[in-house]
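Coordinate analysis (summary)
Single-letter residue listing:
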Amino acid sequence: ASRWWLHHSLQALQNSLDELGCPLLILRGAPTVVLPALATSSGATSVFFTHAYSPAALSEEQALDEALDAAVELHGFHDYYLYEPGRLLSKTGTPYKVFTPFWKAAVALGEPARPVAAPKQVRAVAPPLLDKLQESFPSLSIDDLNLLPTHPDWASGLREAWQPGESGAHARLDGLADYIGQYAENRDRPDRDGTSRLSPHLHFGELSPRQVWHAMHDASMAAGRHEGAHAFLRQIWWRDFSGHLLWHFPDLPKKPLRPGYEKFPWAEDQDYLQAWQQGRTGYPLVDAGMRQLWATGWMHNRVRMVVASFLVKNLLIPWQHGAEWFLDTLVDADLANNSASWQWVAGCGTDAAPYFRVYNPVLQSRKFDPQA
């Protein structure tokens, strides 16, 4: 599902760059080969990029730094989180493993810097050299990437639910003020449209978390409604906390952070797993959430916890299977957030709920979705 989003996000980016007279080049090959060659041919003296923090991205970044000519400077920017992972450590110099102390330390750093305005123009390569470059480095089209589903076309619900791209992101962001006062009350109710749904826009870099932070902060100050803003901004810090965990524990997606859980006697039942994936468990809230996920590529956070608990605690299916399914079906599939959240529910991660805590799907439904 995230590939469907990427296709449309790239289209939106291409349209924005076209308006600035700067083409988007999509090149196939190893970055350590393609980018140095492109920099040399264009006479570029710098390569600019935003840091990514998955283990693979960090390894790739180091290899690229070594591959570039010494005359080409690599400029990386920390803008995927409010503060770069690795910056916040406990007083003993160790990674935080509980959210609340991490959050308090992060808040103590003060407000994140306000983002600068978007550029009015981009200085592209002069036409004669640009033509030569495009001959030497022929760009793939976005369609060449084969990101969209073909047969069957399962993306109709995604098209109805989302507007990928920067303009869609700002449309969602501009609506924050409409529900800020009720956010603290409504955020746990999947029967209400009470959450921002900004997660895929954040994941694909169509918005930065600093843009979201300041938009929410400014809206709360203008409305005089601080409780909702506080609850919302806390969720942005949870996102940072997940990135912090993946940075310090690169095995987070596959291995439990509490080693004792590696020997847990899971039940590998493919029929149960498939019933959960298809929303056929017989528990209405679980099934509604899983069908919403398949149809729209998104699920309410409260329901994510319920369905994850059901898979792990009721069916005894390994949490890694659930994490893999979410990465396949979520438009906001984020390796750090997904892995940390699944381990939290399973009770094997940091800041984890006790292993014996179960999100009872019947009681959760009565409390948070009373009209079903």
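Scroll up a little and you will see the structure.
Residues numbered from 1 in each chain as written. Predicted model: local features only at pLDDT ≥ 70, side-chain atom pairs only at ≥ 80, totals over all residues. Heavy atoms only, no water.

Turning to the layout of surface pockets, a few remarks are in order. Estimates place the volume of the second largest pocket at around 1200 Å³. Lining the second largest pocket we find 47 residues, and of these Gln235, Trp238, Asn301, Asn337 and Ser341 sit closest to its centre. Along the lines of polarity and charge, the residues of the lining of the second largest pocket split into 24 nonpolar, 14 polar and 9 charged. (1 Å grid on protein atoms, 1.4 Å probe; cavity = no way out; pocket = protein on both sides within 12 Å on 5 of 7 lines; lining within 4 Å. Points joined across faces, edges and corners; volume = space filled by probe spheres on them. Nonpolar A, V, L, I, M, F, W, Y, C, P; charged D, E, K, R; others polar.)

Contact pair helix 14 (residues 284–296) / helix 15 (residues 301–314): the axes reach a minimum separation of 9 Å and the direction vectors enclose 110°. With respect to helix 15, the axis of helix 14 lies roughly perpendicular. The handedness of the crossing between helix 14 and helix 15 comes out as left-handed. Across from Leu285, Val286, Gly289 and Met290 in helix 14, the residues of helix 15 making contact are Val303, Val306, Val307 and Phe310. Taken together, the residues that form the contact of helix 14 with helix 15 break down as 7 nonpolar, 1 polar and no charged. (Axes fitted to C-alpha atoms, helices over the stretch in contact; angles between N-to-C directions. Helix = DSSP H or I, 4+ residues; strand = E, 2+ residues; numbered from the N terminus. Parallel < 35°, antiparallel > 145°, perpendicular 65-115°, else oblique. Left-handed = near helix turned anticlockwise from the far one by under 90°. Contact = heavy atoms within 4.5 Å.)

Turning our eyes to something else, we now look at the pairing of strand 1 (residues 46–50). In the sheet, strand 1 pairs with strand 2 (residues 73–77) via 5 bridges, with the strands oriented parallel. Within strand 2, the position partnered with phenylalanine 49 by the bridge is glycine 76. Read as a crossover between parallel neighbours, the route from strand 1 over helix 3 (residues 55–67) to strand 2 is right-handed. (Pairing = 2+ DSSP bridges. Right-handed = clockwise from strand over helix to strand, strands pointing away.)

To continue, consider empty space enclosed by the protein. Across all of its chains, the model carries 1 cavity of 30 Å³ or more by this definition. Reported here for the largest cavity is a volume of approximately 50 Å³. Lining of the largest cavity is provided by Tyr83, Glu84, Pro85, Gly86, Arg87, Leu88, Phe102, Asp240 and His244. Split by residue class, the lining of the largest cavity holds 4 nonpolar, 2 polar and 3 charged.

Listed as buried for helix 13 (residues 270–277) are Leu273, Ala275, Trp276 and Gln277. Residues of helix 13 that are buried in the fold lie against helix 14, helix 15, helix 16 (319–329) and helix 17 (335–346). Sitting at the amino-terminal end of helix 13 is aspartate 269, which places a side-chain oxygen 3.0 Å from the backbone nitrogen of aspartate 271. Two residues or fewer after helix 13 comes glycine 279, characterised by a positive phi angle close to 70°. (Buried < 20%, exposed > 50% of the residue type's maximum accessible area, 1.4 Å probe, protein only. Polar contact = N/O pair within 3.5 Å; in protein donor to acceptor, adjacent residues only side chain to side chain.)

A word on helix 7 (residues 166–174). Three or more residues of helix 7 are buried, namely Gly168, Ala169 and Leu173. Angular distribution of buried residues about the axis of helix 7 spans 140°; they occupy a single face of the element. Those residues of helix 7 that are exposed and aimed more than 90 degrees away from the buried face are Ser167 and Asp174. (Arc of directions from axis to C-beta.)

Ranked by internal contacts, the top residues of the largest apolar core, which has 37 residues, are Leu176, Leu198, Leu207, Val212, Met216, Phe232 and Trp237. When contributions to this core are tallied by element, the ones reaching two or more residues are helix 4 (99–107), helix 7, helix 8 (176–179), helix 11 (209–223), helix 12 (226–248) and helix 17. In terms of residues, this core owes the most to one element, helix 12, which gives 9 residues. Residues in contact with leucine 207, not counting those within four places in the same chain, are Ala169, His170, Leu173, Leu198, His201, Leu202 and Val212. Met290, Phe310, Trp325 and Cys348 belong to the second-largest nonpolar core, a separate cluster that totals 30 residues. (Core = buried A, V, L, I, M, F, W, Y, C linked by side-chain atoms within 4.5 Å.)

On to unusual backbone geometry, then. Of note, the bond from histidine 151 into proline 152 is cis; its omega dihedral lies within 30 degrees of zero at -5°. Along the polypeptide, proline 152 turns up in the loop between helix 5 (127–136) and helix 6 (156–161). In the Ramachandran plot, asparagine 146 falls in the positive-phi region, its phi being about 55° despite a non-glycine side chain. Among the secondary structure elements, asparagine 146 is positioned in the loop between helix 5 and helix 6. Judged by its relative accessible area of 62%, asparagine 146 is exposed. Backbone geometry at alanine 372 places phi at a positive 55°, although glycine is not the residue there. Topologically, alanine 372 is positioned in the segment after helix 18 (361–368).

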